[in-house]
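Geometric and topological summary
What follows is each chain in one-letter form.
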Amino acid sequence: MPHGFPVTAPPVLCVTDAAVVRDGRPILSEVSLTVRAGEHWALLGANGAGKSTLLSLLGAVAHPTRGTVEVLGHRLGRVDLRELRSYVGHVNPRHDPGSPLTVRDVVLTGLTNTNDRVPRWQPTPEQVVEADRLIGLLGLGERHGARWPTLSQGERGRTLIARALMPRPRLLLLDEPATGLDVAGREQLIERLDALQDTYPQLASVLVTHHLEELPPGTTHVMLLRDGRPLAAGPADEVLTSDQVSKCFDHPIRLTRTDGRWSVRASRPTARPDGPPPGR
Ligand SMILES: Nc1ncnc2c1ncn2[C@@H]1O[C@H](COP(=O)(O)OP(=O)(O)OP(=O)(O)O)[C@@H](O)[C@H]1O
């Protein structure tokens, strides 16, 4: 566990045997998951595996068809989802502020949980100071006055993380945060995500991706999803093996970890020294 958290750290998310059916089709089945304070989970799986659907349950955006989902100790179905959502930092890369807000204004909309500024709502001076602190934390200090349409994809992503942190959530959900980023943007994002662990040791996070290269080194736990079912879930080093990742993506994959980062290659059959080359 990072930062010396005991395994009994309070659960932030608790999913028990959840299923989601849409249009009569099972999208998720038999999903059980407990995420505790200080844990950093990754949800990995091929296109269509059900990652975003699971994230929508964790973010109190949708209800399970069967089973139970508890978010921050509240069971979905028994609480007002809108109110619960305001305590979860949800980073959606498709977020659109609606008008050309500055970085600072976008971050402040995290307090009203709206895309655009709320008419007549004014932040307190303390809230503006906090927004600027988060903007600095995400490496955007010099861009606080830049307007949304002028931001690079990477700057937008980091602005949205600062926005999500504004209401001091206990849970941060990140849906494919590195989509569309170039190498520098991706590396800056990963660096900032890892730095959050030191600043917010109690914060739990769940990050969705298809790409193992995008996992921050501080990822503590992983769930592999395949066809809407968990294939494996637990501590990252136990779950992320070449064998399990190959099963998850239905392709022979060789997984390596260097300096805390994972990378994958399609594995090729090795040539026999005394025989014909493979594939002949
Ligand atoms: N509202 C819906 N109605 C019907 N089918 C849906 C609905 N939402 C999702 N699906 C289907 O459920 C499956 C899982 O979708 P989901 O978006 O959760 O997968 P994903 O792992 O996030 O995929 P990707 O990596 O491509 O984003 C897909 O086959 C998708 O078409």
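Residues numbered from 1 in each chain as written. Predicted model: local features only at pLDDT ≥ 70, side-chain atom pairs only at ≥ 80, totals over all residues. Heavy atoms only, no water.

So, the overall build of the protein chain
Definition in use: Secondary structure elements are defined from DSSP: runs of H or I of at least 4 residues count as helices, runs of E of at least 2 residues count as strands, and each element is numbered from the N terminus. Just to be clear, the radius of gyration here is over C-alpha atoms, and the globule rule we use is 2.2 Å times residues to the power 0.38. A simple rule labels every residue: compare its accessible area, found with a 1.4 Å probe on the protein chains alone, to the largest value its type can have, and call it buried under 20%, exposed over 50%, or partly exposed in between. Only the protein chains shown count as cover for residues, and all accessible areas are computed by the Shrake-Rupley method using a 1.4 Å probe. Under the counting rule used here, the positive set is Lys and Arg, the negative set is Asp and Glu, and His together with the chain ends is not counted. By convention, charge coordinates are those of NZ in Lys, CZ in Arg, CG in Asp, or CD in Glu.
For the protein chain, the count of helices and strands is 8 helices and 12 strands. Computed over C-alpha atoms, the radius of gyration of the protein chain comes to 20 Å, within 12% of the 19 Å expected from 2.2 N^0.38 for 280 residues, which places it in the range of a compact globule. Among the 280 residues that make up the protein chain, the fraction classed as buried is 47%. With the model as given, the accessible surface of the protein chain reaches about 14,100 Å², and the carbon-plus-sulfur share is 48%. Taken together, the 33 basic and 31 acidic charged side chains of the protein chain have centroids lying 3 Å from each other.

So, the site of the ligand
So the rule is basically this: Any residue with a heavy atom lying within 4 Å of a molecule or strand is counted as near it. Contacts described as polar in this section are N or O atom pairs within 3.5 Å, which, within protein, must combine one atom able to donate a hydrogen with one able to accept it, while residues neighboring in sequence count only if both atoms come from side chains. Gly counts as polar in this scheme, as do all residues outside two lists: the nonpolar Ala, Val, Leu, Ile, Met, Phe, Trp, Tyr, Cys and Pro, and the charged Asp, Glu, Lys and Arg.
Not every one of the 14 residues close to the ligand is listed here, only the nearest: Gly48, Lys51, Ser52, Thr53 and His210. Between the ligand and Ala49, the relevant distance is 3.1 Å, taken from an oxygen atom to a main-chain nitrogen or oxygen of the residue. Burial of the ligand by the protein amounts to 63% of the accessible area it has alone, namely 640 Å². Elements supplying a minimum of two residues to the shell around the ligand: strand E2 (25–36) and helix H1 (51–58). Per element, the largest residue contribution to the shell around the ligand is 3 residues, and it comes from H1. When grouped by side-chain class, the residues that make up the shell around the ligand number 3 nonpolar, 6 polar and 5 charged.

Topic: the environment of Asn113
Put simply, the test is: By definition, residues are in contact when any of their heavy atoms lie within 4.5 Å.
Assignment of secondary structure puts Asn113 in the loop between helix H3 (103–112) and helix H4 (125–137). Taking relative accessible area as the criterion, Asn113 reaches 39% and is therefore assigned partly exposed. For the pair Asn113 and Ser86, spaced 27 residues apart in the sequence, the C-alpha separation amounts to 6.2 Å. Ignoring anything within four residues of it in the chain, the contact list for Asn113 reads Arg85, Ser86 and Arg163.

Some remarks on the sheet that holds strand E1 (residues 11–22)
What counts here: The pairing criterion is simple: DSSP has to find at least two bridges between the two strands.
Pairing within the open sheet is antiparallel, and its 4 strands lie in the order E2-E1-E4-E5. Among the strands making up the open sheet, the edge pair consists of E2 and strand E5 (74–75). As paired strands, E1 and strand E4 (residues 66–71) are joined by 5 bridges and run antiparallel to one another. Looking at the pairing, Leu13 lines up with Val71 of E4.

Observations concerning the packing of H3 against helix H5 (residues 153–165)
Selection rule: Axes here refer to lines fitted to C-alpha atoms; in helices the fit is confined to the stretch in contact. Angles between the N-to-C directions go from 0 to 180 degrees. Each helix crossing is assigned a hand: it is left-handed if the near helix lies turned anticlockwise from the far helix by less than a right angle, otherwise right-handed if that turn is clockwise.
In contact at an axis separation of 6 Å, H3 and H5 are set at 35° when each is read in the N-to-C sense. For the crossing formed where H3 meets H5, the hand is right-handed. In this structure, H3 contributes Val103, Val106, Val107, Thr109 and Gly110 to the contact, and H5 contributes Thr159, Leu160, Ala162 and Arg163. When the residues that make up the contact of H3 with H5 are grouped by side-chain class, the tally is 5 nonpolar, 3 polar and 1 charged.

What to know about the confidence of the model for the protein chain
The condition is simple: By definition, pLDDT measures how confident the predictor is in each residue, and it falls between 0 and 100.
This prediction gives the protein chain a mean pLDDT of 89; 93% of its residues lie at or above 70. Of the regions scoring below 50 in pLDDT, residues 1–5 engages in 12 contacts with residues more than four places distant in sequence or in other chains.

A short note on the sheet that holds strand E10 (residues 229–235)
As summarised here, the arrangement of the 6 strands in space is E6-E7-E8-E3-E9-E10, forming an open sheet in which the pairing is mixed. Whereas interior strands pair on both sides, the edge strands pair on one side only; in this sheet they are strand E6 (88–91) and E10. Sheet twist, expressed as the average angle between the axes of neighbouring strands with direction ignored, equals 15°. Note that strand E9 (residues 221–226) and E10 share 6 bridges and pair antiparallel.

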